[in-house]
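# A look at the structure
Residues per chain, in single letters:
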Amino acid sequence: MNVSILLQTLINGIFLGGVYALVAIGLTLVYGVMMIVNFAHADFLMLGLYLAYWSFVLAGIQPYIAMFIIIVIFFLIGILLQKVLIKPVLSAPVINQVLLTLGLSSFIVGLVQFFWRAEPRSLILPYSSNSIAIGDVVLNIPRLIAFVVSLVVALFLYQFLSHTKTGKAIRACSQSRRAAALMGINVNRIYMLVLGIGLALAGLAGALLSPNYPMSPTVGSTFSFTAFVIVVLGSMGNFMGAFFGAMIIGIAESFGGLLIGGELKQLVSMLIFIFVLLLRPGGLFGGKNA
């Protein structure tokens, strides 16, 4: 095994980690602020895939244009879900929240199967397999674009949470809902904003994957499992932990696919996950910090 193969595998893992980061950041942001685990989160990635597909098939809109429309649609869906479904169970027992989001996941999958059937689909575009070569390393263009967009969005969100008034209000709500309310922060409005951002990130990830990733109604379950591993690995509710955890899992799966085959690639990431939790049960960053 030569250096170019190892370098190619590393780059593929980083690109994969970038997409994982979008999903995991949205999931950990919702948990960190609202303290609710959304088991339907990755199903919105699946919906993003389908919306990008049908935007192109029916209207000829390229995925990289459709992603802006998808972001807005999913943001509004997040606001609606917060007002109608999530708000009534925020103070309910955890099992109620789990059952609600699991039910929402089943509803979304069933809805997609009803309207678009269960057959896998792929969006074939002229640039789906385009790549550029740097020496012996080949960079797939759609995956490169997905990684760059993911990185830019992650940096923007970090700056937004760290330096804006609204971002500071979100962080305050993540620390104490009651204290934030006493300081005059509209907690319900912050919750709507956070869920909207979380779902928009999942939809964006789906749109970025659509040029070269097959879609089916159950594709969300694969990403859901990986996203939860990343969130726990990076410490539940920790924004930066989710990003670096996504990079670790993406690289681990890439090398796992190289060493033991694609069907067992998640075994490597699971071993890393278990090893980290044995040494640091609270995750790599050891605490909740939206």
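Below or above, wherever it landed, is the structure these notes cover. In this convention, every chain numbers its residues from 1, walking through the sequence in written order. Selection of residues for local features in this predicted model requires a pLDDT of at least 70, selection of side-chain atom pairs for listing and counting requires 80 or more, and totals for whole chains, interfaces and linings are taken over all residues. Values reported for side chains reflect all heavy atoms of the structure, with hydrogen atoms and water molecules removed beforehand.

So, about the side chain of Q82. Strands are runs of DSSP state E lasting at least 2 residues, helices are runs of H or I lasting at least 4, and numbering of each runs from the N terminus. Here Q82 is to be found in helix 3 (residues 63-86). Exposure categories follow from relative accessible area, calculated using a 1.4 Å probe and restricted to protein chains: below 20% of the type maximum is buried, above 50% is exposed, and the middle band is partly exposed. A relative accessible area of 1% places Q82 in the buried class. Contacts: residue pairs with any heavy atoms within 4.5 Å of one another. Excluding residues within four positions of it along the chain, Q82 makes contact with M34, K87, L90, N188, Y191, M192 and L195.

On to the pairing of strand 2 (residues 137-140). On a regular strand, each side chain points to the face opposite its neighbour's, so the side chains alternate between the two faces of the sheet. Relative to strand 2, strand 1 (residues 131-134) runs antiparallel, the two being bridged by four bridges. The partner of S131 across the bridge, within strand 2, is N140. Counted along the chain from strand 1 to the antiparallel partner strand 2, the turn is two residues long, and its residue G135 has a positive phi close to 65°. Paired strands, in this sense, are two strands between which DSSP finds at least two bridges.

We now examine the side chain of S210. The residue S210 is located in the loop between helix 8 (187-209) and helix 9 (219-233) in this model. Of the residues examined, S210 reaches a relative accessible area of 0% and is grouped as buried. When near neighbours in sequence (up to four residues on either side) are disregarded, S210 contacts L49, A52, P63 and L123.

Non-glycine residue M35 carries a positive phi angle of around 60°. You can see M35 is positioned in the loop between helix 1 (3-34) and helix 2 (41-59). Owing to a relative accessible area of 40%, M35 belongs among the partly exposed residues under this scheme. Although it is not a glycine, R117 adopts a positive phi angle of roughly 65°. Positionally, R117 belongs in the loop between helix 4 (94-116) and strand 1. Relative accessible area serves as the criterion here: at 51%, R117 is assigned to the exposed category.

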